[in-house]
Amino acid sequence: MSLKGAAYIAGAWEHPTRKAPDKSIALLHAECAKGALEDAGLTKDDIDGYFCAGDAPGGLGPLSMVDYMNLKCRHVDSTDVGGSSYQVAVGHAMEAIAAGRCNIALITLSGRPRSEGQATGTAPRPGNPAAPEMQFEYPYGPATANLYGMCAARHMYEYGTTSEQLAWIKVAASHHAQYNPNAMLRDVVTVEDVVNSPMVSTPLHRLDCCVISDGGGALILTKPEIAKSLKRPLVKVIGVGESPKHQAGGEIDLTYTAARWSGPPAWEMAGIKPSDIKYASIYDSFTITVLMQLEDLGFCEKGQGGKFVADGNLISGVGKLPFNTDGGGLCSNHPANRGGITKIIEAVRQLRGEAHPSVQVPNCDLAIAHGTGGALGTRHCGSTVILERE
Amino acid sequence: MAYTARKIPFVGTPDTNPETKPFFQGADAGKLMVRRCTSCKKVHHYPRELCPFCFGSCEWQEASGKAKVYTFSVMERANPPYAIGYVTLEEGPNVLTNFVDCDFKALKIGQDVKVTFVKTEDGGPSMPFFTPA
Ligand SMILES: [Zn+2]
C-alpha cells in the first residue's frame with residue numbers, strides 16, 4: 001500500500017530568534033511545539049506521537065523532552081541523521097499515522113550553537129572514540145567546511161563547475177532573505193561579493209557557507225480526517241525517501257549525494273517529476289550542497305548544476321526553480337547546525353500562499369523539501385519530502 | 001605559501017583494539033598496512049576484520065605507498081593552514097589524509113603522491129600522510 005497522502009502537515013512554526021543566550025534548548029523546543037500547535041489549531045493534549053533527533057537535549061532520545069513538555073505519547077522516534085532527520089521524521093510520522101500508532105505527531109528541532117560560540121564549520125570536533133572511523137579521520141582535521149570543500153573541488157575537476165556558478169546560489173538566497181525580517185544576512189550580494197569573500201576552505205569562500213544561528217522549528221502531522229477538520233490550508237505529504245551514503249570501504253565518489261537514492265522513491269510515490277515542482281527547499285549548508293542535490297534530485301543532468309543555478313535561475317520571480325525563499329541556511333538561519341525543518345516550514349508557507357509576497361510563487365501546488373545531514377565528504381543521509389497543496 | 005607543519009591530534013584506541021592494532025604498528029614502523037579480503041580479494045580502508053564488500057575474512061598487506069590525489073581542500077582559516085584530501089591508493093581504496101611538505105598552491109587533483117609518516121601529538125601513534133612523489 002502506498003503511503004501517498006497518508007498524512008498532512010497541519011502545523012508549521014519557525015522560531016523567530018537567531019540568538020537565544022537566555023533560553024535553554026529545552027525551552028526552545030517547547031516554544032516551537034507551542035507555535036506549531038497554535039498554527040494548527042490544536043492543543044498539547046492532542047499530541048500522541050513525538051519525533052526528535054540528536055539536537056533534543058537529554059541522553060535517551062526523546063525521553064527528556066517528552067518529560068519536559070509533559071506529553072502523553074503512544075509513539076516516539078528519535079532517528080538521528082543530523083540535519084536530514086526532520087525530513088526522515090516526516091516519513092516516519094506518516095508511517096506511524098498510517099499504521100494507527102499515533103494520530104497527531106509533533107516534530108521539533110532547536111539549538112543554539114551561536115550563543116554557545118561554536119566554530120561550527122571550521123573546527124574539527126572529536127566524536128566518540130568508539131566510532132570506528134574516528135582514529136582514521138580525526139588526525140586529518142575533518143571539519144564541516146573542508147569536508148564539503150573536498151566535494152566542491154572534485155565536482156569542479158570532473159565537471160568544470162566554477163566558483164562563480166556556486167556564488168549564484170548565495171546570490172539567489174540573498175535576494176530572498178532581503179524580505180525576511182528574521183534573516184541574519186539581509187543584504188543582497190553579487191557573484192563578485194561571494195568570490196571575493198575570504199577563503200574558508202578551498203574552494204569555498206565565507207559566503208559559500210551557511211550562517212551559524214540559534215533557533216528552531218516544529219511541525220504537526222496528522223491523518224487526513226483530522227487535517228480536513230482544521231482551519232488551515234491542506235498540505236498533503238505525497239512522497240518521502242531516505243538513504244545514507246558513506247565511504248563504501250574506500251570506493252568513494254564525492255561528486256554526488258544521497259539525494260540520488262532518496263529522491264527516486266519520493267518521486268515514484270508522488271507520481272510526479274522534477275519539472276512539475278513549483279518551489280524547492282534544498283538543504284544549503286554550503287552552496288555546493290545545493291548544486292549537487294539539485295543534480296541528484298533530477299532537476300538537471302549530472303554535472304550541469306553549475307549552468308542550472310547560474311544567472312538567477314533559483315530566484316523567485318526570475319528563474320525557473322525558486323528555491324529557499326526564506327533565505328535558507330545561507331542567509332536566514334541554521335538552528336542547531338541542522339537546517340532540515342526550516343526547509344519543510346518554508347515549503348509549507350509556499351504551498352499555503354503564506355510566503356512573503358515578494359517571493360511567493362504563484363499557484364504553488366507542488367513543492368519539495370530535501371535535507372542532508374552529516375558530511376558529504378565522509379558520510380551523510382539524504383531525505384526527500386514532496387508536498388502537495390490540496 | 002610556505003609549508004608549516006601543524007600538530008596532529010589523535011583520538012582512538014590504537015593499543016587496545018586488536019582489529020586495527022597492526023595498522024598502527026605498521027605506521028610506527030613506516031609501513032602503510034591495508035586489508036585485503038581472502039574471498040573477494042578486494043582491498044578496503046579504513047581497516048576492518050570483516051570485508052566491507054562481502055563480510056569475508058581479511059589479511060593484512062603492506063601497500064606500496066603510491067597514490068594519486070582524488071580531491072583536497074586547503075583549510076585556510078586554520079593557523080597554520082592544512083590540506084585535507086583523499087588519495088586513491090595503487091591497491092584501490094581511497095584514503096582520507098593530509099598533504100604535507102608541499103606548496104598547497106601547487107597541489108593538483110590527479111597528481112602522484114607517496115606516503116610518509118608523521119607522529120601524532122601527546123605520544124600518539126604515527127599516521128600516514130602524503131607528499132608529492
Ligand atoms: Zn570481500
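Thresholds, definitions, all that
Residues numbered from 1 in each chain as written. Chains lettered and ligands numbered in written order. Predicted model: local features only at pLDDT ≥ 70, side-chain atom pairs only at ≥ 80, totals over all residues. Heavy atoms only, no water. Core = buried A, V, L, I, M, F, W, Y, C linked by side-chain atoms within 4.5 Å. Buried < 20%, exposed > 50% of the residue type's maximum accessible area, 1.4 Å probe, protein only. Helix = DSSP H or I, 4+ residues; strand = E, 2+ residues; numbered from the N terminus. Contact = heavy atoms within 4.5 Å. Salt bridge = Lys/Arg side-chain N within 4 Å of Asp/Glu carboxyl O. Donors = N, O, S within 2.8 Å, 3.2 Å for Na, K, Ca; no water. Tetrahedral: all angles 85-135°; square planar, octahedral: opposite > 155°, others 65-115°. Pairing = 2+ DSSP bridges.

(A) Spatial organisation of the nonpolar core. Residues A:Ile277, A:Leu314 and B:Phe99 are the most contacted members of the largest nonpolar core, which totals 87 residues. If you tally residues by element for this core, the top one is helix α5 (residues 144-159) of chain A, at eight residues. With sequence-adjacent residues up to four places away left out, A:Leu314 is seen in contact with A:Ile169, A:Ala172, A:His176, A:Val290, A:Leu294, A:Phe308, A:Val309, A:Leu321, A:Pro322 and A:Phe323. Of all hydrophobic cores here, the second largest spans 38 residues; its members include A:Phe51, A:Cys102, A:Leu221 and A:Val348.

(B) Seen up close, the pattern of salt bridges. Residues and elements named next belong to chain A. Under the defined criterion, the tally for this structure stands at 27 salt bridges over all chains. Between arginine 338 and aspartate 55 there is a salt bridge; the shortest N-O distance is 3.7 Å. With arginine 338 in the loop between α12 (328-331) and α13 (340-352) and aspartate 55 in the loop between β2 (49-51) and α2 (63-68), this residue pair connects regions lying 283 residues apart in the sequence. Comparing arginine 338 with aspartate 55 shows no difference in burial state: the two are buried. Linked through salt bridges whose partners overlap, the residues forming this network are Glu14, Arg18, Glu346 and Arg349.

(C) Highlighting the coordination of the zinc ion. Residues and elements named next belong to chain B. Around the zinc ion, the protein supplies Cys37 (SG), Cys40 (SG), Cys51 (SG) and Cys54 (SG) as donor atoms, at distances of 2.3 to 2.4 Å. Bound by four donor atoms, the zinc ion shows angles of 97 to 121 degrees at the metal and therefore tetrahedral coordination geometry. All donors of the zinc ion belong to a single chain; written as a sequence motif, their spacing is C-x2-C-x10-C-x2-C. One end of the pair, cysteine 40, is in the loop between β1 (33-37) and β2 (43-44); the other, cysteine 54, is in the loop between β2 and β3 (58-62), and 14 residues separate them in sequence. The class for cysteine 40 is partly exposed, based on a relative accessible area of 28%.

(D) Inspection of the pairing of strand β6 (residues 94-99) of chain B at higher detail. All names here are of chain B. In terms of burial, β6 is largely enclosed, as six of its six residues are buried. Of the two faces of β6, the one carrying Asn94, Leu96 and Asn98 and the one carrying Val95, Thr97 and Phe99 are both buried. Taken together, the six bridges between strand β5 (residues 82-89) and β6 define a ladder with antiparallel strand orientation. Bridge pairing in β6 places tyrosine 86 opposite leucine 96. In this structure, the hairpin formed by β5 and β6 is closed by a connection of four residues, where glycine 92 is found at a positive phi of approximately 130 degrees.

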